[in-house]
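An overview of the molecular structure
Okay, here's what each chain looks like letter by letter:
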Amino acid sequence: MIRKAVRRDVRELAQLWARAFPGERTAEQRMAQLEAGGVFGGVETAFIAEEDGRTLGAFRAFALAQHMHGTLYPMMGLAAVAVDETARRRGLGRALCEHAVHVARERGDVLSMLYPFRPAFYEALGWGTAGQMHVLRFRPEALATRADGSGVRHAAPNDVAAIADCYERVAAGSNGMLRRSARIWRSHLEADGVHAYVTGSGDVEGYIIVRFGRAAAPDEKPMYVRELIADSHEAYDTLLGW
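The sections below set out a description of the structure shown in this document. (Residues numbered from 1 in each chain as written. Predicted model: local features only at pLDDT ≥ 70, side-chain atom pairs only at ≥ 80, totals over all residues. Heavy atoms only, no water.)

**With respect to the pattern of salt bridges**
Our working definition: In the sections that follow, a salt bridge refers to a side-chain nitrogen of Lys or Arg positioned within 4 Å of a carboxyl oxygen of Asp or Glu. Runs of H or I in DSSP of at least four residues are treated as helices and runs of E of at least two as strands, each being numbered from the N terminus. For every residue, the accessible area (1.4 Å probe, protein chains only) is compared with the maximum for its type, and the residue is labelled buried under 20%, exposed over 50%, or partly exposed between those bounds.
Scanning the model with the defined rule gives eleven salt bridges in all. Among the salt bridges present, the one from Glu 98 reaches Arg 94, with a minimum N-O distance of 3.1 Å. In this pair, Glu 98 and Arg 94 are both assigned in helix α3 (residues 92-107), four residues apart and thus about one turn of the helix distant. Judged by relative accessible area, which is 41%, Arg 94 ranks as partly exposed. Ionic pairing is found between Asp 159 and Arg 153, a salt bridge with its closest N-O pair at 2.8 Å. The exposure class assigned to Asp 159 is buried, which follows from its relative accessible area of 7%.

**A look at the nonpolar core**
Filter applied, for reference: Nonpolar cores are built from buried Ala, Val, Leu, Ile, Met, Phe, Trp, Tyr and Cys residues. Side-chain atoms within 4.5 Å join them into one set. When checking whether two residues touch, look at their non-hydrogen atoms; a contact exists if any pair is within 4.5 Å.
Ranked by size, the top nonpolar core spans 21 residues in total, and within it Ile 163, Tyr 167, Trp 185, Tyr 207 and Ile 229 carry the most contacts. Among the secondary structure elements, those contributing two or more residues to this core are β3 (54-68), α5 (160-172), α6 (182-189), β7 (194-199) and β8 (206-212). If one sorts the elements of this core by residue count, α5 sits on top with six residues. Residues in contact with Tyr 207, not counting those within four places in the same chain, are Ile 163, Cys 166, Tyr 167, Arg 180, Trp 185, Tyr 197, Val 198, Glu 227, Leu 228, Ile 229 and Leu 239. By size, the runner-up hydrophobic cluster in this structure holds 19 residues, among which are Val 81, Val 83, Leu 96 and Leu 114.

**What to know about the sheet that holds strand β5 (residues 111-113)**
Selection rule: Any two strands with at least two DSSP bridges between them are considered paired. Axes here mean lines fitted to C-alpha atoms, for a helix over just the part in contact, with angles spanning 0 to 180 degrees between N-to-C directions.
Ordered by their spatial adjacency, five strands build an open sheet running β1-β2-β3-β4-β5, and the pairing between neighbours is mixed. Strands with a single pairing partner mark the edges of an open sheet, and in this sheet they are β1 (2-4) and β5. Mean inter-strand twist for the sheet, computed between neighbouring axes without regard to direction, equals 30 degrees. Pairing of strand β4 (residues 71-83) with β5 involves three bridges; the strand directions are parallel. Counterpart to Met 75 in the pairing with β5 is Leu 111.

**Quick look at helix α7 (residues 233-241)**
Of all the positions in α7, only Ala 235, Asp 237, Thr 238 and Leu 239 are classed as buried. Packing partners of the buried residues in α7 comprise β6 (152-154), β7, β8 and β9 (223-230).

**Some details on the side chain of Arg 60**
So the rule is basically this: Charge assignment: positive for Lys and Arg, negative for Asp and Glu; neither His nor the chain ends contribute. In the analysis that follows, any N or O atom pair within 3.5 Å is treated as a polar contact, provided that within protein one partner can donate a hydrogen and the other can accept it, and provided that, for residues neighboring in sequence, both atoms belong to side chains.
With respect to the secondary-structure elements, Arg 60 resides in strand β3. No salt bridge is formed by the buried Arg 60. Its closest oppositely charged neighbour is Glu 44, at 6.3 Å. Polar side-chain contacts of Arg 60 include one of 2.7 Å to the backbone oxygen of Gly 41. A polar contact is formed between the side chain of Arg 60 and the backbone oxygen of Gly 42, at a distance of 3.2 Å. Discounting chain neighbours no more than four positions away, the residues touching Arg 60 are Trp 17, Gln 33, Leu 34, Gly 41, Gly 42, Thr 45, Ala 46, Gly 77, Leu 78, Ala 79 and Ala 80.

Here it is in structure tokens:
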């Protein structure tokens, strides 16, 4: 039986996911996230498979919205599909995904997105590859720019709304970008070690979110660019030049 999770399931869910995805977060951290709400929601987003009172599997069905071709569509973000190690190779993973699709249809979602642990598994269920993520590493001097970055300043707390507005302007004309709630923005801008910078003479015309890393040698200290959004070529060049 697959049912919607409730608060009493938090510990079982956290322990299942800690075993299924080792090294990401501890069971205690997962419990705290489920109880507090997390970035995309708390225990209300989870579904649990059980047999004779024993937890066999679970998934999360996030209620999101995605920009596609100028329209914002309701979308299910499928995540944390996990099967207990004693119940694998019985088709439960497939059953969990099929139930997730049923949940999405019932609430009116017309799109679904996930990050697959094995693409072939989800392709067999109807999902397809929509994009790939690449991690590029290079020295700053290897990047040609058309601006010196002098119009960039550190983002202030009162810039958050303008940053969100800039994101929405760009998202509305793009494909695949998600609508972001205040909780999602906090996770992007208030995470430990994250810094945001903006450009624009009046409104924020572009922003960049970065994290500075550590390296063995001072001249190899990396800067990780988590996001760069700009609604004009000039703003993009300025941020890139910075």
